[in-house]
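If you want the building blocks of each chain, they are given just below.
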Amino acid sequence: MAIWVFVEHREGTIRKVCYQMMGKARELADKAGQELWAVVLGQGAESVAEEIAAYGPPQKVLLVESEALAQYTSDAYGKVLADLIAQHQPAVVLFGATLTGKDLSPCVAARLGCGLATDCVGLDIDGQGNLTARRPIYAGKAYVEVSFEGRPQMASVRPNAFPMPTPAAQKAPVERVKAEVKPEEVRTAVKEFVKTAGERPELTEADIIVSGGRGMKAAENFKILEELADVLGAAVGASRAAVDAGWRPQSDQVGQTGKTVSPNLYIACGISGAIQHLAGMGTSKYIVAINKDPEAPIFKKADYGIVEDLFKVVPVLTQELKKAKA
Amino acid sequence: MNVIVCLKQVPDTESVIKVKPDGSGIETEGLKYVINPYDEFAVEEALRTKEKLGGEVTIVCVGPDRAVESIRMALAMGADKAVHLNDPALFEGDALTTAKALAAAIKQMPYDLIFCGKQAVDDDMAQVGPALAQLLGIPHVSVINKFEVLEGGRAARVTRQVEGGEEVVECPLPALFTCQKGLNEPRYASLPGIMKAKKKPLETKDLAALGLSADEVGAKGAKVKAVRYYSPPERQPGRIIEGETVEERVAQLVKLLRDEAKVI
């Protein structure tokens, strides 16, 4: 019996949550007396397999290759992974709760008729290899602990729910297998991928986020947040108000109908702190609020607050941090 | 184009959610229910597709009696008919059992397109769409923010936001799409729309009508079971940084972030 971690990657870079899952899964595997396998699907993904082999570390990395797996499609990845699971019968399979992970995992669960819990922030296992998972519901206003019937038991894991493990000195062996996928089995086709990410970290993976809301007043004013973000190596987020006003793209939105983030530090500038926004960042380790309205609800959730015009504070903060760096 | 929209009725996102003292569930007394916000994008896209290409929009909904209100709202927006899967044996299941119930109903109708919301804002599982596509044997693309039917009506081209960029994907029809915010602006139901909705066909189906057995669906068929519910840990109140000047307060903040919080 084994615990599997599906390792998601793009252009040789492994998603941060996969490292975090390897660390947690090692702990679960040890507790249940089971093996841990990392499973990499792709084409030309040897470097990915070599990289993940040090984290946990697993007993082995299964590298499954096929031309059909060069680009992610739910048809190809869903079939290959479901077939592998049916063949090897792992007890538990973990995915990152990324857009790909949340697309792939229900397909695999439906193929296998098994249980899947999405976006888990806590995992535990008993001596028989039965998983329990804790996950947020109602945008994090409540949590539920779930158990599973049957096998395998699957969960997708929220980024930053678990810490980054340190790599082991000893790397696990990589076992290469070929997968068979007939072209007609892959019905969707990715025609284009337009990279929009710049130098900044991805919101759901960022350690620090600087975020702007209605108080930013205009799109061009986000420049001051970008400057602050540059000094901090942070990502830049936005509230729904800023997105709906057209100042920032939907992909920057943090909140119930945007992204859920869990950074170490979230700096909210000109954000009032509506319930729906808090839903997206309420699990941040530390929250700083900068808002000229002393009644803004965000101050009740912030660890540190400055009641002041953000246009006065943010540039000074950027300066102060630049000085400290120098 | 025959378009199906899967709809769920959920508590309003403004709702204060309380966990029952014994942890057995959520207090539902006094909750206000609405169409799942992501399903509104699905209804709207279905209506726009019908307006462009003709056809019919059918709402399919798994839910108790109170869901009728939300179904009628979707009909008021412009959907043509609805099928309401209302049977306690179908409830309290997991995402896969819900998908099974929807699949059983949908297999009884002709369709070219199925739109679902990307997730329901109560359980946040985000599974029903892809699972339903799998059970129906049709392709799917999730979290689309742009949708277009290609010439000939045999395929669709969609855009989706993924981490780090945007993907353009083509998919043959029939297919299922889950809708992300940004796809469209859902219309409000007009007064004439609300009046018309009262007369639009709304069929109710139970377990038997779907040809399902009780142990395939609902609580009996679920592979994921709730053990207990609990409230999130309360964030401890923080402090407002005081000071005469902006410079003073900022300096204090930096010090706290470095020395106390240790996040920079």
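Residues numbered from 1 in each chain as written. Chains lettered and ligands numbered in written order. Predicted model: local features only at pLDDT ≥ 70, side-chain atom pairs only at ≥ 80, totals over all residues. Heavy atoms only, no water.

Engineer: I'd like a rundown of the overall build of chain B, residues and numbers included.
Structural biologist: Secondary structure summary: chain B contains eight helices and 13 strands in total. Projecting the C-alpha coordinates of chain B onto the three principal axes gives extents of approximately 70 × 50 × 40 Å. For chain B, with 264 residues in total, the buried portion stands at 57%. Pairs at least 24 apart in sequence give 69% of the contacts found in chain B among residues at least 6 apart. By element, 51% of the accessible surface of chain B is carried by carbon and sulfur atoms, the whole surface being about 11800 Å². (Helix = DSSP H or I, 4+ residues; strand = E, 2+ residues; numbered from the N terminus. Buried < 20%, exposed > 50% of the residue type's maximum accessible area, 1.4 Å probe, protein only. Contact = heavy atoms within 4.5 Å. Areas by Shrake-Rupley, 256 points an atom, 1.4 Å probe, with all protein chains shown as cover.)

Engineer: Please give an account of the sheet that holds strand β8 (residues 122-125) of chain A that cites residues and values.
Structural biologist: Spatially, the four strands line up as an open sheet ordered β8(A)-β9(A)-β10(A)-β12(B), and their pairing is antiparallel. Among the strands making up the open sheet, the edge pair consists of β8 of chain A together with β12 (224-230) of chain B. Averaged over neighbouring strand pairs, the angle between their axes works out to 25 degrees when direction is ignored. As defined by bridge partners, strand β10 (residues 142-148) of chain A adjoins β12(B) across six bridges and the pair is classed as antiparallel. (Pairing = 2+ DSSP bridges. Axes fitted to C-alpha atoms, helices over the stretch in contact; angles between N-to-C directions.)

Engineer: Tell me what's going on with the packing of helix α5 (residues 222-232) of chain A against helix α9 (residues 310-325) of chain A, and back it up with residues and numbers.
Structural biologist: Residues and elements named next belong to chain A. Here α5 crosses α9 at 25 degrees, and the two axes come no closer than 9 Å. Viewed along their axes, α5 and α9 adopt a mutual orientation that is roughly parallel. Taken as a pair, α5 and α9 cross one another with a handedness that is left-handed. Together, Ile224, Leu225, Glu227, Leu228, Asp230, Val231 and Leu232 of α5 and Leu310, Phe311, Val314, Leu317, Thr318, Leu321, Lys322 and Lys325 of α9 make up the contact between the two elements. Residues belonging to the contact of α5 with α9 are distributed by class as follows: 10 nonpolar, one polar and four charged. (Parallel < 35°, antiparallel > 145°, perpendicular 65-115°, else oblique. Left-handed = near helix turned anticlockwise from the far one by under 90°. Nonpolar A, V, L, I, M, F, W, Y, C, P; charged D, E, K, R; others polar.)

Engineer: Any details on the packing of aromatic side chains? Residues and values, ideally.
Structural biologist: Think of a pair of aromatic rings as described by two things: how far the centres are apart, and how the planes are tilted against each other in angle. Scanning all chains against the criterion turns up 11 aromatic pairs over all chains. Taking the centre distance of 5.0 Å and the plane angle of 65 degrees together, the rings of Tyr72(A) and Tyr77(A) count as edge-to-face. Feature note: the residues Phe6(A), Tyr72(A), Tyr77(A) and Phe95(A) constitute an aromatic cluster, connected by ring pairs. Positioned above the aromatic ring of Trp37(A), the side-chain terminus of Lys60(A) is 4.0 Å from the ring centre. Directly above the ring of Tyr33(B) sits Arg66(B), whose terminal nitrogen or CZ lies 3.8 Å from the centroid. (Phe/Tyr/Trp six-rings, centres within 6.5 Å; stacked < 30°, edge-to-face > 60°. Lys NZ or Arg CZ within 6 Å of the ring centre and 35° of its normal.)

Engineer: Describe the interface of chain A and chain B, listing the residues and the values that go with them.
Structural biologist: Residue-level contacts link 85 residues of chain A with 73 residues of chain B. Both sides of the chain A and chain B interface together cover about 7100 Å² of buried area, and 57% of this is carbon and sulfur. If you sort the residues of chain A by the area they bury against chain B, Leu99(A), Tyr138(A) and Tyr304(A) come out on top, with a joint share of 11%. Summed over the shared surface of chain A and chain B, the result is six salt bridges. Linking chain A with chain B are 44 residue pairs in polar contact (both at pLDDT 80 or more). No other element matches helix α4 (residues 99-112) of chain A, which puts eight residues into the side of chain A that touches chain B. Classifying every residue of the side of chain A that touches chain B gives 40 nonpolar, 21 polar and 24 charged. (Buried area = accessible area lost by both parts, 1.4 Å probe. Salt bridge = Lys/Arg side-chain N within 4 Å of Asp/Glu carboxyl O. Polar contact = N/O pair within 3.5 Å; in protein donor to acceptor, adjacent residues only side chain to side chain.)

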